[in-house]
Amino acid sequence: MIEVRKAVLKDVEQVFELVNQYANEGLMLPRTRDSLVLNLQSIFVAEEEGEILGIASLAILGHDLAEIRSLAVSEKAKGRGIGRMLVARVVEETKKIGIPKLISLTYQVAFFEKCGFKVIQKTEMPQKVWTDCIHCPKFPSCDEIAMAIQTA
Ligand SMILES: CC(C)(COP(=O)(O)OP(=O)(O)OC[C@H]1O[C@@H](n2cnc3c(N)ncnc32)[C@H](O)[C@@H]1OP(=O)(O)O)[C@@H](O)C(=O)NCCC(=O)NCCS
């Protein structure tokens, strides 16, 4: 049975491997072990029999905006609904916190549409997002698609 739960310290190594395997393929941004440890409270994992099969994290960008980051499902576990479960958990957490909008910067448009997100213009995103973008290796030529879902 797959359980989606908050990450704990013992998950860090498996999460690190999963995220950085896709980061090496250019599909997502890399994360350091330190960044995972420091942000543990905002990371969710999907676990089955002790194995981490998926991960997603929630970054609060301001009082009215959050972003889903580092969404990854291991190659062998794709297509079992784990990505959708992780997105649903992050949406639920965003709602619980009281933030009305969740965005994603992604290449996986069809997947996020299935999860209820809609494509938005990058110009619709507030300045705060771009402030963070300056620290991203893809800046200034980011080719990811901006998507959003209302959470309130
Ligand atoms: C994108 C990703 C998270 C999807 O995870 P997953 O567990 O395989 O997805 P699910 O099984 O929950 O799929 C949910 C729905 O989306 C669809 N879907 C999944 N991946 C898709 C894709 N690449 N293109 C189109 N549809 C897709 C599924 O068919 C399913 O549709 P259905 O409910 O009609 O059957 C996973 O492929 C992944 O980790 N990719 C590599 C890393 C990455 O690109 N992450 C996103 C960074 S923003």
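What you see is a predicted model; the values in this text were computed from it and never measured. (Residues numbered from 1 in each chain as written. Predicted model: local features only at pLDDT ≥ 70, side-chain atom pairs only at ≥ 80, totals over all residues. Heavy atoms only, no water.)

1. Remarks on the packing of aromatic side chains
Next, step 1: Under the definition given, this model contains 2 aromatic pairs.
Next, step 2: With a centroid separation of 5.2 Å and an interplanar angle of 80°, the aromatic rings of Phe 111 and Phe 112 are classed as edge-to-face.
Next, step 3: For Phe 111, a relative accessible area of 26% puts it in the partly exposed group.
Next, step 4: Here Phe 112 and Phe 117 contribute two aromatic rings whose centre-to-centre distance is 5.0 Å and whose plane-to-plane angle is 70°, an arrangement assigned as edge-to-face.
Next, step 5: For Phe 117, a relative accessible area of 2% gives the class buried. (Phe/Tyr/Trp six-rings, centres within 6.5 Å; stacked < 30°, edge-to-face > 60°. Buried < 20%, exposed > 50% of the residue type's maximum accessible area, 1.4 Å probe, protein only.)

2. Digging into the site of the ligand
Next, step 1: Close to the ligand lie 18 residues, the nearest being Val 73, Gly 81, Gly 83, Arg 84 and Lys 114.
Next, step 2: Within the backbone of Val 73, a nitrogen or oxygen atom sits 2.8 Å from an oxygen atom of the ligand.
Next, step 3: For the ligand, whose unbound accessible area comes to 920 Å², protein coverage reaches 73%.
Next, step 4: Assessed atom by atom at 2 Å from the grid points, the ligand resides in the largest pocket.
Next, step 5: Mapped onto the shell around the ligand, the elements with two or more residues apiece are strand E4 (65-73), helix H3 (82-97), strand E5 (101-106) and helix H4 (109-114).
Next, step 6: In terms of residue class, the shell around the ligand is built from 9 nonpolar, 5 polar and 4 charged. (Near = heavy atom within 4 Å. Polar contact = N/O pair within 3.5 Å; in protein donor to acceptor, adjacent residues only side chain to side chain. Areas by Shrake-Rupley, 256 points an atom, 1.4 Å probe, with all protein chains shown as cover. 1 Å grid on protein atoms, 1.4 Å probe; cavity = no way out; pocket = protein on both sides within 12 Å on 5 of 7 lines; lining within 4 Å. Sits in = over half its atoms within 2 Å of the grid points. Helix = DSSP H or I, 4+ residues; strand = E, 2+ residues; numbered from the N terminus. Nonpolar A, V, L, I, M, F, W, Y, C, P; charged D, E, K, R; others polar.)

3. Thoughts on the pattern of salt bridges
Next, step 1: Scanning all chains against the criterion turns up 11 salt bridges.
Next, step 2: A salt bridge links Arg 80 to Glu 48; its shortest N-O distance comes to 2.9 Å. Linking Arg 80 in the loop between E4 and H3 with Glu 48 in strand E2 (residues 43-48), this pair joins segments that are 32 residues apart in sequence.
Next, step 3: You can call Arg 80 partly exposed: its relative accessible area is 43%.
Next, step 4: The partner of Glu 51 in a salt bridge is Lys 76, with the nearest N and O atoms 2.6 Å apart. One end of the pair, Glu 51, is in strand E3 (residues 51-62); the other, Lys 76, is in the loop between E4 and H3, with 25 residues separating them in the sequence.
Next, step 5: The exposure class of Glu 51 is partly exposed, given its relative accessible area of 32%.
Next, step 6: It is possible to trace a salt-bridge network through shared partners that takes in Arg 5, Lys 10, Asp 11 and Glu 47. (Salt bridge = Lys/Arg side-chain N within 4 Å of Asp/Glu carboxyl O.)

4. Structural notes on the environment of Ile 97
Next, step 1: Looking at the secondary structure, you find Ile 97 in helix H3.
Next, step 2: Overall, the relative accessible area of 43% leaves Ile 97 in the partly exposed class.
Next, step 3: In sequence terms Ile 97 and Gln 150 are 53 residues apart; their C-alpha atoms lie 13 Å from each other.
Next, step 4: Setting aside residues no more than four positions away along its own chain, Ile 97 makes contact with Leu 58 and Ile 60. (Contact = heavy atoms within 4.5 Å.)

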